[in-house]
Amino acid sequence: MFTIYTEDHRLHNGKEEFHRGKMEECFECPRRAELIIQNIRELGWKVDEPKRQVDLSALYRIHQPRYLSFLQTVYEQWQRVLIREEIEEKIDAMPHVWSCRGLRQIEPKNIYGKLGYYSFDAATPITAGTWQAIIAAVRTVLTAQQFIQSGTIASFALTRPPGHHAGSDFFGGYCFCNNAAIAAEAFLQSGAKRVAILDVDYHHGNGTQQIFYHRNDVLFISLHGDPAEAYPYFLGYRDETGEGVGKGFNVNYPLPLNTDWEQYRTSLLDALNIIETYRPEVLVISLGVDTYEDDDISDFCIAMHEFNEMGSLLAQMNLPTLFVMEGGYYEEVGTAVTNVLTGFDQAKHT
Ligand code: Q9C
Ligand code: ZN
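Residues numbered from 1 in each chain as written. Chains lettered and ligands numbered in written order. Predicted model: local features only at pLDDT ≥ 70, side-chain atom pairs only at ≥ 80, totals over all residues. Heavy atoms only, no water.

Observations concerning the site of ligand 1
Working step 1: In the neighbourhood of ligand 1, 15 residues make up the surrounding shell, with Glu17, His19, Gly173, Asp290 and Tyr329 lying closest.
Working step 2: One nitrogen or oxygen atom from the main chain of Gly173 is found 3.0 Å from a nitrogen atom belonging to ligand 1.
Working step 3: Here an oxygen atom of ligand 1 and a side-chain polar atom of Tyr329 are 2.7 Å apart.
Working step 4: Coverage of ligand 1 by the protein amounts to 91% of the 410 Å² it exposes when considered alone.
Working step 5: Across the shell around ligand 1, the residue classes tally to six nonpolar, six polar and three charged. (Near = heavy atom within 4 Å. Polar contact = N/O pair within 3.5 Å; in protein donor to acceptor, adjacent residues only side chain to side chain. Areas by Shrake-Rupley, 256 points an atom, 1.4 Å probe, with all protein chains shown as cover. Nonpolar A, V, L, I, M, F, W, Y, C, P; charged D, E, K, R; others polar.)

Next up, the structure:
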């Protein structure tokens, strides 16, 4: 499987996230991508750097300009406040207050207010190099998208930070810009009429759902831990089916904790049937492998070898397929990823 990767992801390197009532070392770390690329190199697959001159207009179509300029400048503003408050330590920017029911939706001037206004959790620290890493991930996914556009049957965008929790104007869940959504938009810009995004990450792709909820040119399907029990808790129920012309083009499969491959497979086959009926020109996979039984923050029970079958089922769609990296938080994350991609490749060649 042809992979796009750059070391620039390392520039996003959060120290701690709020977890179980206290600050703990970030689960979403540079090491994740390094483990994955190591597995890919061992298999001898072709790896390219993202192109420098890639057209970024899809990024600006998916995310609000005000949100993007916030992301670009937030760390500078944060640093000025640290200096003013005479804090010498290098601390990541992190929200601690949000606007709930009964409060206003107005962007505050204050940096703490802004951080809360543009986010939904305290798991997503912003570091000095976060913006550069975000742009590197967007270049990565758009380069992989271009290769598919010009006839490559499948490619893998090894993106970090991940994207599926990021909406048009909010970050959270380790995500800032929605790499999969940006790729889908790029396909449409270059002439596609229908794109399907299938999200197999353990967590509901709330950002992707929000972005395309009122649209029928992108079908969004997500399989995930039931929001009544699993993060992000506040979206991902079955009755969220889209609105306006988008009605029927959003499909959620909330699954119980401890879902195993056999149960998962049933919903996956159902999802693949819906995609077939939709007749998209391309398939974008939000590839989270945090459904693994030993993932550090998730509660499904998929065994390592079962990821191969997942890949081969995806191949049977017979569509140009763009894999975009999302979650997966454990030492063998690279094996799970290459198992999906190997399963896909092998099914293609038989
Ligand atoms: N610290 C992705 O897999 N935190 N994001 C849950 C609390 C947020 C996962 C545990 C999990 C986000 C891309
Ligand atoms: Zn996840």
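As for helix α5 (residues 130-149)
Working step 1: End to end, α5 covers 28 Å across 20 residues, agreeing with the expected 28 Å (1.5 Å per residue, within 8%).
Working step 2: By the criterion of burial, α5 is predominantly enclosed, with 17 of the 20 residues buried. (Helix = DSSP H or I, 4+ residues; strand = E, 2+ residues; numbered from the N terminus. Expected span 1.5 Å × (residues − 1). Buried < 20%, exposed > 50% of the residue type's maximum accessible area, 1.4 Å probe, protein only.)

Quick look at the coordination of the zinc ion (ligand 2)
Working step 1: Within the protein, the atoms that donate to the zinc ion (ligand 2) are Asp201 (OD), Asp201 (OD), His203 (ND1) and Asp290 (OD), at distances of 1.9 to 2.7 Å.
Working step 2: Donor residues for the zinc ion (ligand 2), ordered by position in the chain, follow D-x1-H-x86-D. On the criterion of sequence distance, the pair formed by His203 in the loop between β6 (195-199) and α7 (206-212) and Asp290 in the loop between β9 (282-287) and α9 (306-315) is long-range, its members being 87 residues apart. Each member of the pair, His203 as well as Asp290, carries the same accessibility label: buried. (Donors = N, O, S within 2.8 Å, 3.2 Å for Na, K, Ca; no water.)

Overview of the packing of α5 against helix α6 (residues 179-189)
Working step 1: Closest axis-to-axis distance for the α5/α6 pair is 9 Å, and the angle between their directions is 35°. Relative to α6, the crossing made by α5 is right-handed. Counted together, Ala137, Val138, Val141, Leu142, Gln145, Ile148 and Gln149 of α5 and Asn179, Ile182, Ala183, Ala186 and Phe187 of α6 form the full contact between these two elements.
Working step 2: Of the residues contributing to the contact of α5 with α6, the split by class is nine nonpolar, three polar and no charged. (Axes fitted to C-alpha atoms, helices over the stretch in contact; angles between N-to-C directions. Left-handed = near helix turned anticlockwise from the far one by under 90°. Contact = heavy atoms within 4.5 Å.)

Quick word on the environment of Val54
Working step 1: Positionally, Val54 belongs in the loop between β4 (47-48) and α2 (57-62).
Working step 2: With 41 residues separating them along the chain, Val54 and Asn13 place their C-alpha atoms 24 Å apart.
Working step 3: For Val54, the contacting residues outside a window of four places in its chain are Arg139, Leu142, Thr143 and Gln146.

As for the packing of aromatic side chains
Working step 1: The tally for this structure, following the rule as stated, stands at 18 aromatic pairs.
Working step 2: Geometrically, the ring pair formed by Trp78 and Tyr112 is edge-to-face, given 5.6 Å between the ring centres and 75° between the ring planes. Here Trp78, found in helix α3 (residues 65-84), pairs with Tyr112, found in helix α4 (residues 111-117); they are 34 residues apart in sequence, far enough to count as distant.
Working step 3: When its relative accessible area of 5% is taken as the criterion, Trp78 is described as buried.
Working step 4: We classify Tyr112 as partly exposed; its relative accessible area is 23%.
Working step 5: Put simply, the rings of Tyr67, Phe70, Tyr117, Tyr118, Phe171 and Phe176 pair up and form one aromatic cluster. (Phe/Tyr/Trp six-rings, centres within 6.5 Å; stacked < 30°, edge-to-face > 60°.)

So, the pattern of salt bridges
Working step 1: Taken as a whole, this structure holds 14 salt bridges when the rule is applied.
Working step 2: Between Lys46 and Asp48 there is a salt bridge whose closest N-O contact spans 4.0 Å.
Working step 3: The exposed category is assigned to Lys46, whose relative accessible area is 52%.
Working step 4: The exposure class assigned to Asp48 is partly exposed, which follows from its relative accessible area of 25%.
Working step 5: If you follow the salt bridges from partner to partner, you end up with Arg61, Glu185, Arg215 and Asp217 in one network. (Salt bridge = Lys/Arg side-chain N within 4 Å of Asp/Glu carboxyl O.)

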